[in-house]
Amino acid sequence: MVYFIADGPVENLTTGKRYDYIQHAINDANPGDEIVVSEGIYHENINFKGKSLMVRSINPDDSAVVAKTIINGSNQGPVVTFANGENRSCLLTGFTITNGNKGIYYSGVCATITNCNIIENGDAGIKAQGTLGRSGPTIVNCTIAGNKGPQDYRRRL
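About the criteria used
- Residues numbered from 1 in each chain as written.
- Predicted model: local features only at pLDDT ≥ 70, side-chain atom pairs only at ≥ 80, totals over all residues.
- Heavy atoms only, no water.
- Helix = DSSP H or I, 4+ residues; strand = E, 2+ residues; numbered from the N terminus.
- Buried < 20%, exposed > 50% of the residue type's maximum accessible area, 1.4 Å probe, protein only.
- Contact = heavy atoms within 4.5 Å.
- Core = buried A, V, L, I, M, F, W, Y, C linked by side-chain atoms within 4.5 Å.
- Pairing = 2+ DSSP bridges.
- Axes fitted to C-alpha atoms, helices over the stretch in contact; angles between N-to-C directions.
- Polar contact = N/O pair within 3.5 Å; in protein donor to acceptor, adjacent residues only side chain to side chain.

Visitor: Where do I start with the overall build of the chain in this structure?
Guide: Helix and strand counts for the chain stand at two helices and 16 strands. Across the 157 residues in the chain, those meeting the buried criterion constitute 48%. A separation of at least 24 residues holds for 51% of the contacts in the chain among residues at least 6 apart in sequence.

Visitor: Mind showing me how you'd approach the nonpolar core here?
Guide: Within soluble globular proteins, side chains that are nonpolar tend to cluster in buried spots. Counting 33 residues, the largest nonpolar core has Ile 22, Val 55, Phe 82 and Leu 92 as its most contacted members. Mapped onto this core, the elements with two or more residues apiece are helix H1 (22–28), strand E3 (34–37), strand E8 (78–82), strand E11 (102–107) and strand E14 (126–129). Those residues in contact with Leu 92, other than ones at most four positions away along the chain, are Phe 48, Val 55, Val 80, Phe 82, Ile 97, Ile 104, Thr 112, Ile 113, Thr 114 and Cys 116.

Visitor: Mind showing me how you'd approach the pairing of strand E7 (residues 69–72) here?
Guide: A regular strand places its side chains so that they alternate between the two faces of the sheet. Of the two faces of E7, both are covered, the one formed by Thr 69 and Ile 71 as well as the one formed by Ile 70 and Asn 72. Relative to strand E10 (residues 96–98), E7 runs parallel, the two being bridged by three bridges. Paired with Ile 70 across the two strands is Thr 96, which belongs to E10.

Visitor: What exactly am I supposed to notice about the sheet that holds strand E13 (residues 117–119) here?
Guide: In sheet architecture, strand pairing relies on hydrogen bonds along the backbone and comes in two forms, parallel and antiparallel. If you walk across this open sheet you meet the five strands as E4-E7-E10-E13-E16, and the pairing is parallel. Looking at which strands have only one partner, the edges of the open sheet turn out to be strand E4 (40–43) and strand E16 (143–145). Across the sheet, the axes of successive neighbouring strands diverge by a mean angle of 15°, strand direction being ignored. Bridge count between E13 and E16: three bridges; the pairing is parallel. What sits directly across from Asn 117, in E16, is Thr 143.

Visitor: For this particular structure, what's the right way to read the side chain of Thr 138?
Guide: Among the secondary structure elements, Thr 138 is positioned in strand E15 (residues 138–140). At 2.9 Å, the side chain of Thr 138 forms a polar contact with the side chain of Arg 88.

Visitor: Could you clarify how one ought to interpret the side chain of Thr 81 in this entry?
Guide: As for its position among the elements, Thr 81 is in strand E8. In this view, Thr 81 contacts Ile 46, Asn 47, Phe 48 and Tyr 105; residues no more than four positions away in its chain are not counted.

Visitor: Which parts of the structure should I look at to understand the environment of Lys 148?
Guide: Its location among the elements puts Lys 148 in the segment after E16. Judged by its relative accessible area of 64%, Lys 148 is exposed. Once the C-alpha coordinates of Lys 148 and Asp 123 are considered, the two residues, 25 residues apart in sequence, prove to be 4.7 Å apart. Those residues in contact with Lys 148 that sit more than four places away from it in its chain are Asn 121, Gly 122 and Asp 123.

Shown next as structure tokens:
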């Protein structure tokens with residue numbers, strides 16, 4: 001299936017291909033690729049599918065850009081899922097993650113999450129499963145607030 005288009009707001013910097021959706025870019029990516037997402041609201045739920053990728057906004061260090069680069073889960077499950085063996089080189093950075101039943105769901109992985117706003121989700125901002133005795137994700141410089149459920153995560157600096 002062909003996912004890329006000539007002028008989409010999501011770009012795989014490694015291949016130069018552009019996409020309309022973040023998930024399409026992830027589906028088409030190879031481990032180690034860097035995906036850059038322009039400001040906007042993306043009504044989708046993304047799953048890294050075991051691929052260790054960098055997925056980032058155009059400027060993860062600018063709080064105004066982070067606030068305007070929104071992944072809205074439309075209350076259809078976790079907004080972001082890491083559950084297939086992603087490692088520390090898997091990076092999500094520079095997004096506002098909102099309106100999921102959970103903001104981020106992870107199971108037995110070690111992904112890195114930085115400079116994100118994880119806000120106003122229907123349950124936990126970050127939910128862990130199956131991680132007892134294992135490392136969880138590295139979470140740095142994130143705002144986790146206004147979520148309805150308990151916060152179930154390990155914080156690492």
